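Letter by letter, the chains look like this.
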Amino acid sequence: MTYNVALIPGDGIGKEVVPEAVKIIKALSKQHGFEMIFTEFPYSCENYFKTGRMMPEDGIEKLRNFDAIFLGAVGDFQVPDHVSLWGLLIPIRRQMQQYVNVRPVKLLPGIQSPLANRTSDDIDFVVVRENNEGEYSQIGGRMYEGTDLEMVVQETVFTRKGVDRIMRYAFELARKRPRKHLSSATKSNGIIHTMPYWDERFKAFSKQYPDVKTDQFHIDILTAHFVQHPDWFDVVVGSNLFGDILSDLGPAIAGSIGIAASANLNPEKKFPSMFEPVHGSAPDIAGKGIANPIGTFWSAQMMLDFLGEKKAATLLMQALEAVTANHIFTPDLGGNATTKEFTEAVLNNLNGN
Ligand code: NAD
Ligand code: IPM
Ligand code: MN
């Protein structure tokens, strides 16, 4: 098989971890008889400085016919974050109808959780984040700017279609996992319209999936349970904002934001899906060559799996786990390996050394 993948390294450490992932994918493609052709796009804050846009006007159209999109990170302190992200990442997620954001959280072998006495058996769940609507909406605006009547409105949008499709995906995923357990993140005590609606749809779906055990928690106590009882969770479904927060907290209890992977999926495959680490451009460590590439490699693993290269995907995950079990870590995990040294270790493992 030949796959055409659009590569968007983006900014900061995105430009350091993406090329390393390409090396890994190339090694796997040689071993498993598939070809991945990468076409790089310079969409980034650098592009913004040069052209006044994060990507050209037809930027999304250019990505439309790829089999997948592989992205590093977006953001630079010289560009306001809402300009850079709404100029690139968020429009791709929306226009490609990547309405599911799958974010696995797992304590990998050898990594020490900041939580005492936790092992890989205790921390192994998936955050399923609604990725197209919710709290992330353009509806709103400002009035009476600069006067004492100044006001700003930001609307949250939950549609029946949008809520139902994320619920369906989460229930289907929970059904496929051994524990068959789905938890919903809500806040229906404080948010009076949208969150009771979310709960209502969760309940309606739970009737269609009697084999899936369900529970729901308000987001405030849910964050506490992630810390105190991570073993309670199997699949967690949340709105765009709640899913965003939970998917930084989850990797933090599993060692580092640097390991967090994500898949922005258009499950119908009408549009390409996009794979990217959860972390940002990390300006504080960019250029030092010490970014943890695990989140990016794991995202590559999710891409291979989604495209149907199951064997390569399984072997990549095993290689990552073998390297962490060997205590080869970048500084965020307490080690002293560089990004490239970590990559070498994964390549050596894949090559059977
Ligand atoms: P961040 O994820 O970039 O960094 C948070 C902290 O985690 C920093 O201390 C950083 O050094 C560390 N970190 C992150 N990834 C790491 C890795 N792979 N290895 C080692 N350490 C790592 O989040 P932030 O500081 O909130 O945001 C920085 C910029 O990135 C902002 O412009 C923000 O808008 C953007 N951002 C982009 C994305 C994305 O492109 N998907 C995601 C989050 C933030
Ligand atoms: C993520 C990021 C983005 C999000 C930002 C950068 C817009 O935090 O992918 O988690 O909130 O979706
Ligand atoms: Mn985030």
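Throughout what follows, the structure given in this document is the object of discussion. (Residues numbered from 1 in each chain as written. Chains lettered and ligands numbered in written order. Predicted model: local features only at pLDDT ≥ 70, side-chain atom pairs only at ≥ 80, totals over all residues. Heavy atoms only, no water.)

What follows concerns the overall build of the protein chain. In terms of regular secondary structure, the protein chain is built from 12 helices and 12 strands. Taking 20 Å as the expected radius of gyration for a compact globule of 353 residues, we find that the protein chain reaches 20 Å, a close match to that expectation. Of all 353 residues assigned to the protein chain, the portion counted as buried reaches 54%. Restricting the contact set of the protein chain to residue pairs at least 6 apart, pairs at least 24 apart contribute 75%. Carbon and sulfur atoms make up 52% of the accessible area of the protein chain, which totals about 15,700 Å². Distance between charge centroids for the protein chain: 6 Å, based on 35 positive and 42 negative side chains. (Helix = DSSP H or I, 4+ residues; strand = E, 2+ residues; numbered from the N terminus. Rg over C-alpha atoms; globule rule 2.2 N^0.38 Å. Buried < 20%, exposed > 50% of the residue type's maximum accessible area, 1.4 Å probe, protein only. Contact = heavy atoms within 4.5 Å. Areas by Shrake-Rupley, 256 points an atom, 1.4 Å probe, with all protein chains shown as cover. Lys, Arg positive; Asp, Glu negative; His and termini not counted. Charge placed at Lys NZ, Arg CZ, Asp CG, Glu CD.)

In terms of nonpolar packing, the biggest core is built from 84 residues, with Met36 and Val346 touching the most fellow members. Tallying contributions element by element places helix H10 (residues 294–307) first for this core, with 9 residues. Residues from two domains meet in this core; each of domain 1 (1–101 + 260–353) and domain 2 (113–254) gives at least three. With residues up to four places along the chain from it excluded, the contact list for Val346 reads Ile24, Phe297, Leu316, Ala319, Leu320 and Val323. Membership of the second largest hydrophobic core comes to 23 residues, among which are Cys45, Phe66, Leu71 and Val79. (Core = buried A, V, L, I, M, F, W, Y, C linked by side-chain atoms within 4.5 Å. Domains from an automatic or database assignment.)

We now examine the side chain of Ser183. Looking at where Ser183 falls in the secondary structure, it is placed in strand S8 (residues 181–186). Classification of Ser183 by relative accessible area gives buried; the value is 0%. At 2.7 Å, the side chain of Ser183 and the side chain of Asp215 are in polar contact. When residues no more than four places from it in sequence are discounted, the contact partners of Ser183 are Phe202, Asp215, Phe217, Phe233, Val235, Val236 and Val237. (Polar contact = N/O pair within 3.5 Å; in protein donor to acceptor, adjacent residues only side chain to side chain.)

What follows concerns the site of ligand 1. The immediate surroundings of ligand 1 are formed by 22 residues, with Val74, Asp81, Gly280, Ala282 and Asp284 found nearest. Contacts to ligand 1 include Ser281, whose backbone N or O atom sits 3.1 Å from an oxygen atom. The contact in question runs from an oxygen atom of ligand 1 to an N or O atom on the backbone of Ala282, over 2.8 Å. Protein contacts shield 71% of the accessible area of ligand 1, which totals 800 Å² for the unbound molecule. A per-class count over the shell around ligand 1 returns 11 nonpolar, 6 polar and 5 charged. (Near = heavy atom within 4 Å. Nonpolar A, V, L, I, M, F, W, Y, C, P; charged D, E, K, R; others polar.)

On their own, these measurements won't tell you what the molecule is for.
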